[in-house]
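# Inside the fold
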Amino acid sequence: MRTARRIRRGMALMLVLVVIAAAAVMGSAILSGAAMQAQASSNAACGAQARGLAESGLSVACYYLQNPQLAPGNRDPEGWWRGGEVNLGGSLGVVGITVEREDFDTFSVISSASSGGLHADAAARVEVVRGIYPINRAAGFNTNVLIPRNFRITGGIAAYGLVFFSIGSTVSGILDVGWLWSIPFGCTRGTAPSGPVAPTLADINGFATYRYGEGRFTAKRLSGAILSSTTLNPTADNPAGIYYWDGGDMSINSNVTLNGTLLITNGKLDLKGTNNTITAPAGFPALLIARDLNVYGGSRGLTVNGLVWIGGGFGRTGSANGSVLNINGAFYFGETGNLDSGFDGVVNVTFNAAKTQVRNLSSSQPIESVRILEWLPSGR
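Reading the values: rules and limits
Residues numbered from 1 in each chain as written. Predicted model: local features only at pLDDT ≥ 70, side-chain atom pairs only at ≥ 80, totals over all residues. Heavy atoms only, no water. Phe/Tyr/Trp six-rings, centres within 6.5 Å; stacked < 30°, edge-to-face > 60°. Helix = DSSP H or I, 4+ residues; strand = E, 2+ residues; numbered from the N terminus. Buried < 20%, exposed > 50% of the residue type's maximum accessible area, 1.4 Å probe, protein only. Salt bridge = Lys/Arg side-chain N within 4 Å of Asp/Glu carboxyl O. Pairing = 2+ DSSP bridges. Axes fitted to C-alpha atoms, helices over the stretch in contact; angles between N-to-C directions. 1 Å grid on protein atoms, 1.4 Å probe; cavity = no way out; pocket = protein on both sides within 12 Å on 5 of 7 lines; lining within 4 Å. Points joined across faces, edges and corners; volume = space filled by probe spheres on them. Nonpolar A, V, L, I, M, F, W, Y, C, P; charged D, E, K, R; others polar. Core = buried A, V, L, I, M, F, W, Y, C linked by side-chain atoms within 4.5 Å. Contact = heavy atoms within 4.5 Å.

With that settled, consider the packing of aromatic side chains. Enumeration over the complete set of coordinates arrives at 14 aromatic pairs. Here Phe151 and Phe343 contribute two aromatic rings whose centre-to-centre distance is 6.4 Å and whose plane-to-plane angle is 75 degrees, an arrangement assigned as edge-to-face. One end of the pair, Phe151, is in strand S7 (residues 151–154); the other, Phe343, is in the loop between strand S26 (324–333) and strand S27 (346–351), and 192 residues separate them in sequence. On the accessibility criterion, Phe151 (2% relative accessible area) is buried. Between the aromatic rings of Tyr212 and Phe284, the centroid separation amounts to 6.4 Å while the plane-to-plane angle is 25 degrees, which identifies the pairing as stacked.

So this is what it looks like as C-alpha cells:
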C-alpha cells in the first residue's frame, strides 16, 4: 500500500511539472510573438516613414527645379540645382537628393531617406514646363541692325539696340526698339525692350527630345547634309516631324517640302535651289539654325510658315538676284543678327501670331510647372 501511495504521489508531481513546463513554453511563445509583432509594427511604421520622406524629397526637388533662384548651393553652370542633403525640419529627418539633367527640359531625380534603420528610395523622371515665348513682332534682334533694301517686314520689329533702315526697305507695324533716327511711314513707336528679345544660342532649345500630346519623342537625324527633291513628314515615332542635322553645314537644293521642324545644330544653312517649303507644326518652330542662313546664288526660293530663329546672320554667296525668301510667322536673330546690306534678292516677312506660339523655346523663360513623367524602377 505504501508503495502504491508513493507511486501516485510521484506521478502527480510529474504532472505538475509538465503543466508548469507547458505553461512556461506557452508564455514564452506568447511573449516572443508579442515582441515580434511589436517589432513588425515598428518596422512597418519606420518603412512607411522612410518612403514618405523619400517622396517628400522628390517634392523638394520639383520645387527647386521650378524655383531655381531659391535653391541652395550645388548648381550646374546654367543654374540648375544638382541636389544634396536636405533637412525637412524638426524630427522629420534628412533626405539625400540627386538631380541629373537629361536634356533641355527633363531631369532624373533620386531621393533617399532612412528611418529606424530602414532605407527607402523614390525616383522619377520629371519635366520642366515653360510658357509660350513672347514673340509679338515680325522680326527680332538682340543687337543694332541695319534693315537692307528689298526687305519687306509686315508686323513690326523688336530690337534690343538701334535700328536703321536702308533706302528700298519697307516696314510696317509697331517698332519696339531702343532708338530710331526716324519713324518710317506706316510704323508707330512702341516700347524699348529692357533686355534681349530673342533666345540666345546658349539658351535656345535644341528640341532633341520633345513632348507631343501625352508622349515624349526624339527628333530624327537626317541621313546627309543635302536635302533635294524630297518630302519629309511626321511619323509615328516622330509625330511633330522634327528633323536635325548635327554634321556641320547643310544645303537645301530644289523641291524640298518639310512638314515639321528643321534644326541645324552646329552649322549654317545654304539655300541652293527653289520651290522649297517648311511648315511648322502647332507649338513648334519651323527653322532653327545655329549659324547663318545663306542664299547661295540667284533665283533661289524658300517659303517658311512658322518661326525662323538664326544664331548667326543672313547673307549671300554671289548675287542673289531673283531669289525670294518668304516667312509667314516671324524672323528672329539670337546673336549678331547681321543682315547683308548688299543682298539683292527679296525677303518678305509677315507676322503671324498663330504660327509663333512656341513653348519651351528658351531656358530663359519663366517656369510654369514641374510634372512627373514617370516613376523610375528604384522608386515606387
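Two side chains bearing opposite charge may form a pair once their charged atoms approach each other closely. Taken as a whole and judged by the stated rule, the model has 13 salt bridges. Salt-bridge contacts for Asp103 lead to Arg216; the nearest nitrogen and oxygen are separated by 3.7 Å. Separated by 113 residues along the polypeptide, Asp103 in the loop between strand S2 (94–101) and strand S3 (106–115) and Arg216 in strand S12 (residues 215–218) bring together distant segments of the chain. A relative accessible area of 25% means that Arg216 is categorised as partly exposed. Put simply, Asp249 and Arg291 hold a salt bridge, and the shortest N to O gap is 3.3 Å. On the criterion of sequence distance, the pair formed by Asp249 in the loop between strand S16 (242–245) and strand S17 (250–252) and Arg291 in the loop between strand S22 (287–289) and strand S23 (293–296) is long-range, its members being 42 residues apart.

Taken in spatial order, the 5 strands line up as S1-S2-S3-S4-S28 in an open sheet, and their pairing is antiparallel. Edge strands, defined here as strands with exactly one partner in the open sheet, are strand S1 (83–87) and strand S28 (367–375). Mean inter-strand twist for the sheet, computed between neighbouring axes without regard to direction, equals 30 degrees. Two elements, S1 and S2, share 5 bridges in a ladder whose sense is antiparallel. Counted as the bridge partner of Gly84 is Ile97 from S2.

This part is about the layout of surface pockets. Estimated volume of the largest pocket: approximately 290 Å³. Arg211, Gly283, Phe284, Arg359 and Asn360 are, among the 17 residues lining the largest pocket, the residues nearest its centre. Of all the secondary structure elements, the ones that give two or more residues to the lining of the largest pocket are strand S4 (118–130) and strand S11 (209–212). Here the residues of the lining of the largest pocket sort into 6 nonpolar, 5 polar and 6 charged.

With that settled, the discussion passes to the nonpolar core. The nonpolar side chains of a soluble globular protein tend to be buried with one another. Ile157, Phe314 and Phe331 are the most contacted members of the largest nonpolar core, which totals 49 residues. Apart from the residues lying within four places of it in its own chain, the contact partners of Phe314 are Phe151, Leu293, Val295, Leu325, Phe331, Phe333, Asn338, Leu339, Asp340, Phe343 and Val347.

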